[in-house]
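Now for the letters of each chain:
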Amino acid sequence: MNSPQQADKMKEKKVYVCLSGLPLSFHLEWPFRKSTSGADFWVLHADIGLENSEGLHAPVSVNLSATVYEVMTSLDPKDIEAPVINALRKEVDRRQIEFLKSGKRVPVQFSSRYYDFKRCKWVFGKATEESVALLVARKVYWQTKVAGGPVWIGDPTEALFLETSPTHLLEVAQKLRDQELLTFEGEWVSANASLMAQAEKFEADMRAALAELEEKHAFERG
């Protein structure tokens, strides 16, 4: 069970890192609303913040398809927040979302692309063990830098994104602890000085991923 202090931490800003290395935060304007355009889908407005940048963000309109709506238990945040965050995170990895200092809201299709009907589960791509370890290290670094620690490693949203389990994430984090990069307290970890000393590596990864994303969108604009 989480302590009162850990419960307070869970309410603070959460940083989710893409596989490409970009640290993101999400502001979701609940609830989903039925489209007024006559089309058969539901809409949720959101804003994706690119952390460690000079105010770069991406206003988006998450369009939930009727096909996916039929498999949802409900449209309450407790049932759908994790898939929404991961779908948006995956679209950033696919370089489909551009970050600007301002800009109009961009539609993002929240469709069956990320739902496996045969297995009745969300699927965002199975990550390799190396990718999982790198994402965990990046998450702890960026969460600590942006909002402070400790960091919740047993977050089911992260497990869903990587197609693994919270238990496996903890096992991966324990290997980083064995390298003296982290300190554990239950499902929460704190970054050691040796992890924060890798700042240049993590921030270089972010700059490279952002440069590739910007290059792609500049090419599309001609």
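To be clear, the structure that these remarks concern was listed above.
The structure presented is a predicted model; accordingly, all values stated were derived computationally and were not measured.

Nonpolar side chains tend toward joint burial in soluble globular proteins. Counting 65 residues, the largest nonpolar core has Phe 32 and Leu 88 as the members making the most contacts within it. The element best represented in this core is helix H4 (residues 129–147), accounting for 7 residues. Dropping the residues within four chain positions of it, Phe 32 is found in contact with Trp 42, Val 43, Leu 44, Val 62, Leu 64, Leu 75, Ile 80, Val 84 and Phe 110.

Here we have 3 strands laid out as an open sheet, ordered S8-S10-S9, and antiparallel in their pairing. At either margin of the open sheet sits one strand with a lone partner, and together these are strand S8 (151–152) and strand S9 (182–185). With 4 bridges connecting them, S9 and strand S10 (residues 188–191) associate as antiparallel partners. Looking at S10, one finds that Glu 185 is bridged to Trp 188.

Let us look at the pattern of salt bridges. Summed over all chains, the structure comprises 17 salt bridges. Between Glu 91 and Arg 94 there is a salt bridge whose closest N-O contact spans 2.9 Å. By relative accessible area, Glu 91 is classed as buried at 8%. Each of Arg 89, Lys 139 and Glu 158 takes part in salt bridges that share partners, so that together they form one network.

Attention shifts here to the packing of aromatic side chains. We describe a pair of aromatic rings using the distance from one ring centre to the other and the angle between the two ring planes. As enumerated under the stated definition, the model contains 11 aromatic pairs in all. By way of ring pairs, the aromatic residues Phe 110, Tyr 114, Tyr 115, Phe 117, Trp 122 and Phe 124 are connected into one cluster. Positioned above the aromatic ring of Trp 42 is the side chain of Lys 34, whose terminal nitrogen or guanidinium carbon lies 4.9 Å from the ring centre. Lys 139 extends its terminal NZ or CZ atom over the ring of Tyr 16, reaching a point 4.7 Å from the ring centre.

Let us look at the sheet that holds strand S3 (residues 41–50). With respect to topology, 5 strands assemble into an open sheet ordered S1-S2-S3-S4-S5, the strand pairing being mixed. On the outer flanks of this sheet lie strand S1 (16–17) and strand S5 (106–110), each paired with one strand and no other. Strand direction decides the pairing type here: strand S4 (residues 57–65) and S5, joined by 5 bridges, are parallel. Considered in S5, the bridge of Asn 63 is made with Gln 109.

Our focus in this paragraph is H4. Taking 1.5 Å per residue as the helical rise, H4 with its 19 residues ought to reach 27 Å, and the 27 Å between its terminal C-alpha atoms agrees with that figure. Taken together, the buried positions of H4 are occupied by Val 132, Leu 135, Val 136, Ala 137, Arg 138, Lys 139, Val 140, Tyr 141, Trp 142 and Gln 143. Where H4 terminates, the next one or two residues include Gly 148, which has phi positive at roughly 90°.

The subject of this paragraph is empty space enclosed by the protein. In this approach the atoms are scanned with a rolling probe the size of a water molecule, which exposes any empty space left behind. Overall, the coordinates contain 2 cavities of 30 Å³ or more when judged by the stated rule. Looking at the second largest cavity, its volume works out to about 30 Å³. What lines the second largest cavity is simply Leu 135, Val 136, Lys 139, Ile 153, Glu 158 and Leu 169. The greatest single-element share of the lining of the second largest cavity, amounting to 3 residues, is contributed by H4.

Reported here for the largest pocket is a volume of approximately 150 Å³. Forming the walls of the largest pocket are Lys 14, Tyr 16, Phe 26, Leu 28, Trp 30, Glu 81 and Ile 85. Listing elements by their share of the lining of the largest pocket, those giving two or more residues are strand S2 (23–34) and helix H3 (77–93). Top contributing element to the lining of the largest pocket by residue count: S2, with 3 residues. Taken together, the residues of the lining of the largest pocket break down into 5 nonpolar, no polar and 2 charged.

Conventions used here
- Residues numbered from 1 in each chain as written.
- Predicted model: local features only at pLDDT ≥ 70, side-chain atom pairs only at ≥ 80, totals over all residues.
- Heavy atoms only, no water.
- Core = buried A, V, L, I, M, F, W, Y, C linked by side-chain atoms within 4.5 Å.
- Buried < 20%, exposed > 50% of the residue type's maximum accessible area, 1.4 Å probe, protein only.
- Helix = DSSP H or I, 4+ residues; strand = E, 2+ residues; numbered from the N terminus.
- Contact = heavy atoms within 4.5 Å.
- Pairing = 2+ DSSP bridges.
- Salt bridge = Lys/Arg side-chain N within 4 Å of Asp/Glu carboxyl O.
- Phe/Tyr/Trp six-rings, centres within 6.5 Å; stacked < 30°, edge-to-face > 60°.
- Lys NZ or Arg CZ within 6 Å of the ring centre and 35° of its normal.
- Expected span 1.5 Å × (residues − 1).
- 1 Å grid on protein atoms, 1.4 Å probe; cavity = no way out; pocket = protein on both sides within 12 Å on 5 of 7 lines; lining within 4 Å.
- Points joined across faces, edges and corners; volume = space filled by probe spheres on them.
- Nonpolar A, V, L, I, M, F, W, Y, C, P; charged D, E, K, R; others polar.

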